[in-house]
Amino acid sequence: MGYVKRIGPVLLTVCLTLLLNGCGETDDGYTDKQLFAMDTYVLLRIGGENTAALETAAEKIGMLETELTGRDADGTGGAARLNASGGQEVAVGEELFGLLEASAAYSEQTGGAFDITTYPLTKLWGFGTAGRIPDDAEIAEALTQVGYQKLRLDPERRTAVLTDGAQIDLGAIAKGYAAETVCGIFTDYGIESALINLGGNIFVIGSKLDGSPWRIGVADPEDTRETVGVLSARDTAVVTSGSYQRYFEQGGTRYHHILDPVTGRPADNGLVSVTVICDDAVWADALSTALFVMGEEKPVGFWRETGGFEMILIRDDRQVLLTPALEDSFEITAGSGYRVEVVS
Ligand code: ADP
Ligand code: MG
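Residues numbered from 1 in each chain as written. Chains lettered and ligands numbered in written order. Predicted model: local features only at pLDDT ≥ 70, side-chain atom pairs only at ≥ 80, totals over all residues. Heavy atoms only, no water.

**Q** For this particular structure, what's the right way to read the site of ligand 1?
**A** Taken together, 19 residues form the shell around ligand 1, and within it Asp115, Asp169, Ser241, Leu259 and Thr289 come nearest. The contact in question runs from an oxygen atom of ligand 1 to an N or O atom on the backbone of Ala172, over 3.3 Å. Contact with the protein chains covers 97% of the free accessible surface of ligand 1, which is 570 Å². For the shell around ligand 1, the element with the most residues is helix H8 (residues 281–294), which contributes three residues. (Near = heavy atom within 4 Å. Polar contact = N/O pair within 3.5 Å; in protein donor to acceptor, adjacent residues only side chain to side chain. Areas by Shrake-Rupley, 256 points an atom, 1.4 Å probe, with all protein chains shown as cover. Helix = DSSP H or I, 4+ residues; strand = E, 2+ residues; numbered from the N terminus.)

**Q** Even after reading the chapter, I still don't get the coordination of the magnesium ion (ligand 2), so can you show me in this structure?
**A** In ideal tetrahedral geometry, four donors around a metal make angles of 109.5 degrees, whereas ideal octahedral geometry with six donors gives angles of 90 or 180 degrees. Surrounding the magnesium ion (ligand 2) are the protein donor atoms Ala172 (O), Asp285 (O), Asp285 (OD) and Thr289 (OG1), at 2.1 to 2.5 Å. Motif for the magnesium ion (ligand 2), donor spacing along one chain: A-x112-D-x3-T. In this pair, Asp285 and Thr289 are both assigned in helix H8, four residues apart and thus about one turn of the helix distant. Given the relative accessible area of 14%, Thr289 is considered buried. (Donors = N, O, S within 2.8 Å, 3.2 Å for Na, K, Ca; no water. Buried < 20%, exposed > 50% of the residue type's maximum accessible area, 1.4 Å probe, protein only.)

**Q** When you look at unusual backbone geometry in this model, what are you seeing that I'm missing?
**A** The bulk of non-glycine residues show a negative phi, and the bulk of peptide bonds are trans. A positive phi angle is found at Asp235, which is not glycine, with a value near 45 degrees. Assignment of secondary structure puts Asp235 in the loop between strand E10 (223–233) and strand E11 (236–242). In this structure, Arg318 takes a positive phi of about 70 degrees despite not being glycine.

**Q** Explain a nonpolar patch on the surface here, please?
**A** The grouping of Ile332, Val340 and Val342 at the surface amounts to a nonpolar patch, some 190 Å² of accessible area in total. Within the fold, Val340 resides in strand E20 (residues 339–342). Of the residues examined, Val340 reaches a relative accessible area of 38% and is grouped as partly exposed. (Patch = residues over 30% accessible without salt bridge, like charges linked within 9 Å, V, L, I, M, F, W, Y side chains within 5 Å. Salt bridge = Lys/Arg side-chain N within 4 Å of Asp/Glu carboxyl O.)

**Q** Just checking my understanding: could you explain the sheet that holds strand E6 (residues 159–162) for this structure?
**A** Pairing is antiparallel in the open sheet, where three strands are placed in the order E4-E6-E5. Edge positions in the open sheet fall to strand E4 (90–91) and strand E5 (151–154), since each of these has one partner strand only. Bridging between E5 and E6 involves four bridges; their strand directions are antiparallel. Note on E6: the bridge partner recorded for Arg152 is Val161. Against the sheet, helix H4 (residues 94–109) touches E5 and E6, its axis set at about 125 degrees to E5. (Pairing = 2+ DSSP bridges. Contact = heavy atoms within 4.5 Å. Axes fitted to C-alpha atoms, helices over the stretch in contact; angles between N-to-C directions.)

**Q** Looking at this structure, how should I read the layout of surface pockets?
**A** The gaps left among the atoms become clear once a water-sized probe is rolled over them. In this structure, the second largest pocket spans a volume of roughly 400 Å³. Around the second largest pocket, the lining is made up of 22 residues, and of these Ser243, Arg254, His256, Asp268 and Val272 lie nearest the centre. Elements with a contribution of two residues or more to the lining of the second largest pocket: strand E13 (253–256), strand E15 (265–266) and strand E16 (271–278). Each residue belonging to the lining of the second largest pocket can be placed in one class, and the counts come to 10 nonpolar, five polar and seven charged. (1 Å grid on protein atoms, 1.4 Å probe; cavity = no way out; pocket = protein on both sides within 12 Å on 5 of 7 lines; lining within 4 Å. Points joined across faces, edges and corners; volume = space filled by probe spheres on them. Nonpolar A, V, L, I, M, F, W, Y, C, P; charged D, E, K, R; others polar.)

**Q** Got a minute to help me understand the sheet that holds E10 in this structure?
**A** In a beta sheet, neighbouring strands are held together by backbone hydrogen bonds and run either parallel or antiparallel to one another. The strand order across the open sheet built from three strands is E9-E10-E19, with neighbouring strands paired in antiparallel fashion. Strands at the two margins of the open sheet, each flanked by one partner only, are strand E9 (214–220) and strand E19 (330–332). Neighbour-to-neighbour, the strand axes of this sheet turn through a mean angle of 35 degrees, independent of strand direction. With three bridges joining them, E10 and E19 adopt antiparallel strand pairing.

**Q** Looking at this model, I keep getting lost on the side chain of Ser107. Mind explaining?
**A** The topology assignment puts Ser107 in helix H4. Classification of Ser107 as buried rests on a relative accessible area of 1%. Those residues in contact with Ser107 that sit more than four places away from it in its chain are Gly112, Phe114, Asp115 and Tyr148.

**Q** Would you mind showing me how to read a negative patch on the surface here?
**A** Side chains of Glu180, Asp235, Asp279 and Asp280 sit close together on the surface and give a patch of like negative charge. Examined against the element boundaries, Asp279 turns out to sit in the loop between E16 and H8. (Lys, Arg positive; Asp, Glu negative; His and termini not counted. Charge placed at Lys NZ, Arg CZ, Asp CG, Glu CD.)

**Q** Would you mind going over the pairing of strand E18 (residues 319–322) with me for this structure?
**A** Burial of E18 is two-sided: the residues Gln319 and Leu321 facing one way and the residues Val320 and Leu322 facing the other way are all buried. Hairpin connection from strand E17 (residues 310–315) to E18: three residues lie between these consecutive antiparallel strands, with Arg318 at a positive phi of about 70 degrees. One ladder, built from four bridges, connects E18 with E20; its direction is parallel. Bridging across to E20, Leu322 finds its partner in Val342.

**Q** Looking at this structure, how should I read the pattern of salt bridges?
**A** Close approach of charged atoms allows side chains with opposite charge to pair. The full count for this structure, using the stated rule, is 17 salt bridges. Ionic pairing is found between Asp164 and Lys150, a salt bridge with its closest N-O pair at 3.2 Å. Remark: Lys150 occurs in the loop between helix H6 (136–143) and E5 and Asp164 occurs in the loop between E6 and helix H7 (174–188); sequence separation between them is 14 residues. Relative accessible area serves as the criterion here: at 15%, Lys150 is assigned to the buried category. Between Asp223 and Arg225 there is a salt bridge, with the nearest N and O atoms lying 3.0 Å from each other. Classification of Asp223 as partly exposed rests on a relative accessible area of 22%.

Set out below in structure tokens:
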């Protein structure tokens, strides 16, 4: 029997420990709000006090959770209604439509590595419930329902159609979108120093109150209570996708939740963690998932060609690959056993 392990709380603990006790620093003058939403632990931390900003943000996250989850078969949100549409054209709200358009663009940009129509595969493998290894025929069958071209969008009518039995799951970008939205809310409230953490999807606004950068721990995939290193960051999204975040084990093998849309199986290429640092939280979230699927070689080429983001790739042999701009801002944890190589 398999089981699914959720690592969100642990990751958050790592971040909290670092931030609260942050390498000997004390963080005074912040107000925190913690909640459980979008299937993960959420921390909203602002400099100063502003109950209205925190309440507005928490409420918005709750609304997004309903609207964007396609997983709840009886759900009232837009994504659930689209999944239940049986191939009929469905009118879609503005936010969801924007995310569907963005998803389609990301699929194109990443050569299909990012694909929100992997949902039939997610269900088949049982991620989110008890895990199970499907047989080849089941995977082949599910793959006939997968492919981002099966989502048809009409921007003028703002409608969507899912063909060939396709269904969507925005799990790989919804938290990034929520982080970006909360960032917008905080900025509207005039907040100049804040940290938003939705289960490893982090957005930092400004610096810490003392003017120093925010410090974000990158979890050690082998022991998520530890860190591989700590990143100093200001005004940016920092998003990690890892094979240790949701998985089940069977016969000594780990089956994790990031699926290769070509093989229909968990991406298996030696990468265990991908962190993307980028101004755009939604792109950062999509990209961390996509780069994870691409493996080690392709992300470096993709980064060279596309630019606009930095990344930390961690391999199962404890090699850490960094883009050059992170050389000074990423500090490897002493004694972690990981080696750093800067790509160019
Ligand atoms: P997390 O949800 O742990 O933050 P990710 O952002 O990497 O991790 O998203 C992984 C989730 O996205 C999976 O749980 C699944 O719902 C969905 N997913 C799996 N494979 C893909 C893929 N290739 N493209 C887009 N979404 C995917
Ligand atoms: Mg993602």
